[in-house]
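An overview of the molecular structure
The chain contents come next:
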Amino acid sequence: MKAIAFDTLEFANRLKAAHFTVEQAETMTTAIASLINDQVATKRDIEELHAATKRDIEELKASIKLDIEELRAATKHDIEELHAATKRDIEELKASTKRDIEELRIELKRDMKELELRLRHDLTLRLGGMLVAGIGIVAALVKLL
C-alpha cells in the first residue's frame, strides 16, 4: 500500500475556508487523494523498480556472457575446421602439382627423344645425300681423268 503524506483533513478545511461547501470540499479532497494514490510513485515503488531493473540487468549480463562464450567456442571450432580443410587442400594441391610436373617432365623427355630421332634422321639423309653426291663427283672426275 502506498504511503503518501497528504493531509486530507487539512486540505478539506482549506477548501471550506475558501467558501467551498462541505460536500464540495470532501468530494475534491477524495478525488485528489485518489489521484495521488493511483498516479504518484512512492519511494518504495521506485526502490522496487530499481531492484527489478538491477535483477534484469544482471540476468541480461549473464545471458550475454553465456552467448559470447558459446560464440567464442563455435568460432574456435569453425577456425579449426577451416585450418584442417585448408591444410588438406594444400596437401592435395601439392600432390597434384607434383603429378603435373612429373607428367610434364615425361612429356618433355619424350618430345626431346623424338626431336633427337628426327635430327638424326635428317642428318643421316643429308650425310647420305652428300656421300652420294661426293661419290658421283669422284666417279665423274675419275671418268674425266
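Parameters at a glance
- Residues numbered from 1 in each chain as written.
- Predicted model: local features only at pLDDT ≥ 70, side-chain atom pairs only at ≥ 80, totals over all residues.
- Heavy atoms only, no water.
- Helix = DSSP H or I, 4+ residues; strand = E, 2+ residues; numbered from the N terminus.
- Buried < 20%, exposed > 50% of the residue type's maximum accessible area, 1.4 Å probe, protein only.
- Areas by Shrake-Rupley, 256 points an atom, 1.4 Å probe, with all protein chains shown as cover.
- Lys, Arg positive; Asp, Glu negative; His and termini not counted.
- Charge placed at Lys NZ, Arg CZ, Asp CG, Glu CD.
- Patch = residues over 30% accessible without salt bridge, like charges linked within 9 Å, V, L, I, M, F, W, Y side chains within 5 Å.
- Salt bridge = Lys/Arg side-chain N within 4 Å of Asp/Glu carboxyl O.
- Axes fitted to C-alpha atoms, helices over the stretch in contact; angles between N-to-C directions.
- Parallel < 35°, antiparallel > 145°, perpendicular 65-115°, else oblique.
- Left-handed = near helix turned anticlockwise from the far one by under 90°.
- Contact = heavy atoms within 4.5 Å.
- Nonpolar A, V, L, I, M, F, W, Y, C, P; charged D, E, K, R; others polar.

**A few points about the overall build of the chain**
Summing up its helical and strand segments, the chain has three helices and zero strands in all. Burial status across the chain gives 5% buried among its 145 residues. Here the chain displays about 13,200 Å² of accessible surface, and carbon together with sulfur accounts for 64% of that area. Side chains of the chain give 24 positive and 28 negative charges; the mean places of these two sets differ by 13 Å.

**Quick notes on a nonpolar patch on the surface**
Taken together, the side chains of Leu 127, Met 130, Leu 131 and Ile 135 make up a nonpolar region of the molecular surface, amounting to roughly 450 Å² of accessible area. Within the element layout of this structure, Met 130 appears in helix H3 (residues 43–144).

**Quick look at unusual backbone geometry**
In the Ramachandran plot, His 19 falls in the positive-phi region, its phi being about 75° despite a non-glycine side chain. Within the fold, His 19 resides in the loop between helix H1 (8–17) and helix H2 (22–39). A relative accessible area of 73% places His 19 in the exposed class.

**Here we look at the packing of H1 against H2**
Two numbers describe how H1 lies on H2: the axes approach to 9 Å, and their chain directions differ by 140°. Classified by the angle their axes make, H1 and H2 are oblique. In the packing of H1 onto H2, the handedness of the crossing is right-handed. Where H1 abuts H2, its residues Thr 8, Phe 11, Ala 12, Leu 15 and Lys 16 lie against Val 22, Ala 25, Met 28, Thr 29, Ile 32 and Ala 33. Its residues placed into classes, the contact of H1 with H2 shows eight nonpolar, two polar and one charged.

**Some words on the pattern of salt bridges**
Counted by the stated rule, this structure contains eight salt bridges. For Arg 44, the salt bridge identified is with Glu 48, shortest N-O distance 3.2 Å. Here Arg 44 pairs with Glu 48, and both are found in helix H3, just four residues apart, close to one helical turn. It is possible to trace a salt-bridge network through shared partners that takes in Arg 110, Asp 111 and Glu 114.

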